[in-house]
Amino acid sequence: MDKYSKVLINNASKLDAVTNSSGSIIKLANTIIVDHSRQSTIGLLQKLSNIIENPNIQVEIKQIAKVVHSNLLMYFGYISIHELCKESNDSVDDPRTLQELLEELNSLIGLQSVKSKVQDLLAYQKVQQLRRNNNLFSEKNTLHLAFTGNPGTGKTTVARIVGHIYKKIGLLSKGHFVEASRTDLIAGYQGQTALKVQKVIQQAKGGVLFIDEAYSITENDQSDSYGKECLTELTKALEDYREDLVVIVAGYTEPMRKFFDSNLGLKSRFNTFIEFDDYSTEELDRILESMCYKNDYLLDSDLKKKIHNYFENKIANKDSSFANGRLARNLFEDLIIRHARRISTYSNPSKSDLSTLLPIDFNDL
């Protein structure tokens, strides 16, 4: 967590405590940081305005509200600059070496079968490139990939890494990452969808175009002429730009199977299908512990046991809404909100108090 986020959370916690807001201010601030939620931002600004303009509220409390308002402005200034830099970096060479990128891939928690298949894929593409450089026959296989599996299993993260690795071994000229959804590809009236697809393709040339929930393109089945127009243009682009474009489509396993079965022309452009398995209890434990470590939090040993049992129960009773890594992230967010609510009542909290999550922070979750 960056320093602007920490300051915003800390002062939002203070304001929540002195106004007896029962965690509502902390939750708004946390949702802003995690999801960049417009609705939560408006909600927090409204709460701050109500406090500052209320003549019955103490000056000291109004001052804290003004500080939170200032923190919010600084936070959005920070993320705006961060996003600008990120967009700029998308078009330049990633400074990491091939070995560092492979280490990042291998450092991802779980995903053993995915890592193995990606490693085989990269080894094959690297050798084919070397064969071409030495005037040996080389298969002209497409680079396009299909990632299948449930949400929260790391598909987007792996797609980004693959793009950078492909750049390092000379398969892509840029290696940048463009993410698109149905709304980015399909227009509201006939004839304009092709133009939208072409625009996205031009943005992605030299890098990776990632289309999550790709089956949504044809969500209205045979009646969706816009979806058909989109697939026609996309299929053409897959062939025309196969030398310097990787398209990765992703989504739930069964809808993706139906998506490809309904369009054999599209399926023929993809020769690598990678299934992302759900995380195990132990892997979810490690994901949560990693989040805590990166954000300077510690898990009490008794809390670790509670969390392990919690994940075990969620996995045993999982349905189509099971969120995998997002389940761990959501739990982490809930824990630090409850921790903030508890610590904000301390008159002089120690460093240990500020960093240690206890079983009481897990109660009622």
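Note that the structure is a prediction, hence the values are computed from the model and not measured.

All right, on to the pairing of strand β3 (residues 208-212) then. Burial analysis of β3 places 4 of its 5 residues in the buried class, the great majority of the element. Pairing geometry for strand β2 (residues 177-180) and β3, over 4 bridges, is parallel. Along β3, the bridge assignment pairs alanine 180 with isoleucine 211. Judged from the 5 bridges that link them, β3 and strand β4 (residues 246-251) form a sheet pairing that is parallel. Across the sheet, residue valine 208 finds its bridge partner in β4, namely valine 246.

Across all of its chains, the model carries 9 aromatic pairs by this definition. Their ring planes at 65° and their centres at 5.4 Å tell us that phenylalanine 260 and phenylalanine 270 sit as a pair that is edge-to-face. Placement of the pair is phenylalanine 260 in helix α11 (residues 253-261) and phenylalanine 270 in the loop between α12 (264-267) and β5 (272-276), with a sequence separation of 10 residues. Among the aromatic residues, ring-to-ring pairing joins Phe259, Phe260, Phe270 and Phe273 into one connected group.

Glancing now at the environment of glycine 23. Mapped onto the secondary structure, glycine 23 falls in the loop between α1 (3-18) and α2 (24-35). Taking C-alpha positions, glycine 23 is 6.4 Å from arginine 341, a pair spaced 318 residues apart along the chain. Not counting residues up to four positions away in its chain, the partners in contact with glycine 23 are Asp16 and Arg341.

The next subject is the packing of helix α13 (residues 281-294) against helix α15 (residues 325-343). Remark: α13 packs on α15, axes separated minimally by 9 Å, with the N-to-C direction vectors making an angle of 45°. As far as their axial angle goes, α15 and α13 are oblique. Of the two elements, α13 crosses α15, and the hand of that crossing is right-handed. Judged by residue contacts, Leu284, Ile287, Leu288, Met291 and Cys292 of α13 engage Gly325, Leu327, Ala328, Arg329, Leu331, Phe332 and Leu335 from α15. Counted by class, the contact of α13 with α15 contains 10 nonpolar, 1 polar and 1 charged residues.

Ranked by size, the top nonpolar core spans 52 residues in total, and within it Phe147, Val158, Tyr166, Leu284, Ile307 and Phe311 carry the most contacts. Every residue in contact with isoleucine 307, bar those within four places of it in the chain, is listed here: Asp285, Leu288, Leu299, Leu331, Leu335 and Phe362. Grouped together as the second largest cluster of nonpolar side chains are 27 residues, Val247, Val249, Met256 and Leu266 included.

Another aspect to go through is helix α14 (residues 301-316). Relative to the 22 Å expected for 16 residues at 1.5 Å per residue, α14 spans 23 Å between its end C-alpha atoms, a close match to the ideal helical length. All of the buried residues along α14 are Leu303, Ile307, Tyr310, Phe311 and Ile315. Down the axis, α14 shows its buried residues gathered within 130° of arc, on one side only. Structural note: α14 exposes Lys305 and Ala316 on the side pointing more than 90 degrees away from its buried face. Packed against the buried residues of α14 are α13, β6 (298-299), α15 and β7 (356-357).

Rules used in this analysis
Residues numbered from 1 in each chain as written. Predicted model: local features only at pLDDT ≥ 70, side-chain atom pairs only at ≥ 80, totals over all residues. Heavy atoms only, no water. Buried < 20%, exposed > 50% of the residue type's maximum accessible area, 1.4 Å probe, protein only. Helix = DSSP H or I, 4+ residues; strand = E, 2+ residues; numbered from the N terminus. Pairing = 2+ DSSP bridges. Phe/Tyr/Trp six-rings, centres within 6.5 Å; stacked < 30°, edge-to-face > 60°. Contact = heavy atoms within 4.5 Å. Axes fitted to C-alpha atoms, helices over the stretch in contact; angles between N-to-C directions. Parallel < 35°, antiparallel > 145°, perpendicular 65-115°, else oblique. Left-handed = near helix turned anticlockwise from the far one by under 90°. Nonpolar A, V, L, I, M, F, W, Y, C, P; charged D, E, K, R; others polar. Core = buried A, V, L, I, M, F, W, Y, C linked by side-chain atoms within 4.5 Å. Expected span 1.5 Å × (residues − 1). Arc of directions from axis to C-beta.

All quantities given are derived from atomic positions and should not be read as evidence of function.
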